[in-house]
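What follows is each chain in one-letter form.
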Amino acid sequence: MQIDLNLLTLFAAVAETGNFRAAADRLGVTRSAVSQGVQRLEAALGQALFLRTTRSVRLTEAGERFLTQVSTPLAEIASAIDVASGSAAEPRGLLRIAATSIAERFLSGPLIASFSEAYPGVTLDVTVTDLEFDIVAAGFDAGVRLGEVIERDMIAVPLTGDQRQIAVATPGYLARHGTPEHPRDLVRHRCIGWRPQPDTAPYRWEFEKDGHAFDVSVEPQITTNDMLLMLRTALAGAGITFGIEETFQPYLERGDLVAILDDWLPPFAGFFLYFPSRRTVTPKLRALIDHVRRHREGAKSG
């Protein structure tokens, strides 16, 4: 049985986006072309790969198995094409990155801006998400996350040095409600918490002292999946919030926020740019890796 390999690319795009229109936009074709292509593939295979409703498109069990089997070969073919076509030219093409929302050093702007200026042939598509998933199956070239949550079969390039989470509030809030002296005092305070998605419990704030690690369920009065909203709400005096120190640093320096409970918040391994070890590093990804390394060295020397 012979199958047009272009149909596999259509299938993978629909599987990754969960939407025919989004897949068409990614591939630069019409929605009908994607729909008809998937129908031809299903007819050739003799089984349905997607369950379609008026509101959603999701993989069947057969579709899940098929995606697992074809995603790595498709990625390797794409990498081989990039390497072959870019061996004697400037890096170019679409580079898709999945970055956690707390990666301030990566998302703050200068690193991305300087990369785009240095490599005008590369189109950088950054998805900010705190969901954990297989970046290869989802069609990403690389990701940015804290080192402690990166899978061991990935290659990780340091983006930052050690990081630290801290608890902060405005001086006005602390004057009105008092300053916690122990992490467990937080349960008596108004807290602004974080959750990655609506159907998960709020993140439990983690502390450590004298080698003893523990967490506190603060039962936040305000919960969001957006770090910027957490920051703005804390700056408005609504309560105590918790996050990566880099995010709060400018406001700490100006005195808009005050750090509390420092003795219980030691540093840990920071952020890394990571990518699969089994995939050939394309010129565009190699350019980003080298740029990250140069940017980090410049930050250290500065």
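Structure: see above.
A quick note: this is a predicted structure, and the numbers were derived from the prediction, not measured. (Residues numbered from 1 in each chain as written. Predicted model: local features only at pLDDT ≥ 70, side-chain atom pairs only at ≥ 80, totals over all residues. Heavy atoms only, no water.)

The next point concerns the pairing of strand β9 (residues 205–209). As defined by bridge partners, β9 adjoins strand β10 (residues 212–216) across 5 bridges and the pair is classed as antiparallel. Residue pairing for β10: Phe207 is matched across the bridge by Phe214. Where β9 hands over to β10, the hairpin turn is made up of 2 residues, of which Asp210 adopts a positive phi near 55 degrees. (Pairing = 2+ DSSP bridges. Helix = DSSP H or I, 4+ residues; strand = E, 2+ residues; numbered from the N terminus.)

What follows concerns the sheet that holds strand β8 (residues 191–194). Read across the open sheet, the 5 strands follow the order β11-β8-β12-β7-β13; overall the sheet is mixed. Each of the sheet's edge strands pairs with one partner strand only, and the pair in question is β11 (222–224) and β13 (258–260). On average, adjacent strands in this sheet sit at an angle of 35 degrees to one another, irrespective of strand direction. By the bridge criterion, 4 bridges tie strand β7 (residues 165–169) to strand β12 (residues 240–244) in an arrangement that is antiparallel. Bridging from a neighbouring strand, Val168 pairs with Thr241 of β12. (Axes fitted to C-alpha atoms, helices over the stretch in contact; angles between N-to-C directions.)

Turning our eyes to something else, we now look at unusual backbone geometry. Non-glycine residue Glu219 carries a positive phi angle of around 50 degrees. Checked against the element boundaries, Glu219 lands in the loop between β10 and β11. The exposed category is assigned to Glu219, whose relative accessible area is 68%. Even without a glycine there, the phi angle at Leu261 is positive, about 60 degrees. Locating Leu261 in the fold gives a position in the loop between β13 and β14 (271–276). (Buried < 20%, exposed > 50% of the residue type's maximum accessible area, 1.4 Å probe, protein only.)

Counting residues in each nonpolar core, the largest one holds 52 residues, and the members touching the most others are Phe106, Val144, Leu186, Trp205, Phe207, Ile240 and Phe248. Among the elements that line this core, the one with the most residues is helix α10 (residues 283–301), at 5 residues. Leu186 has contacts with Pro180, Cys191, Trp205, Phe207, Val218, Ile240 and Leu261, leaving out every residue within four places of it along the chain. (Core = buried A, V, L, I, M, F, W, Y, C linked by side-chain atoms within 4.5 Å. Contact = heavy atoms within 4.5 Å.)

Take the packing of helix α1 (residues 5–17) against helix α2 (residues 20–27) next. Geometrically, a packed helix pair is captured by the angle between its two axes and the distance between the axes. At a minimum axis separation of 8 Å, α1 and α2 run at an interaxial angle of 125 degrees. For the element pair α1 / α2, the angle class is oblique. Handedness of the α1/α2 crossing: right-handed. The segment α1 lies against α2, with Thr9, Leu10, Ala13, Val14, Glu16 and Thr17 engaging Phe20, Ala22, Ala23, Arg26 and Leu27. Grouping the constituent residues of the contact of α1 with α2 by class yields 7 nonpolar, 2 polar and 2 charged. (Parallel < 35°, antiparallel > 145°, perpendicular 65-115°, else oblique. Left-handed = near helix turned anticlockwise from the far one by under 90°. Nonpolar A, V, L, I, M, F, W, Y, C, P; charged D, E, K, R; others polar.)

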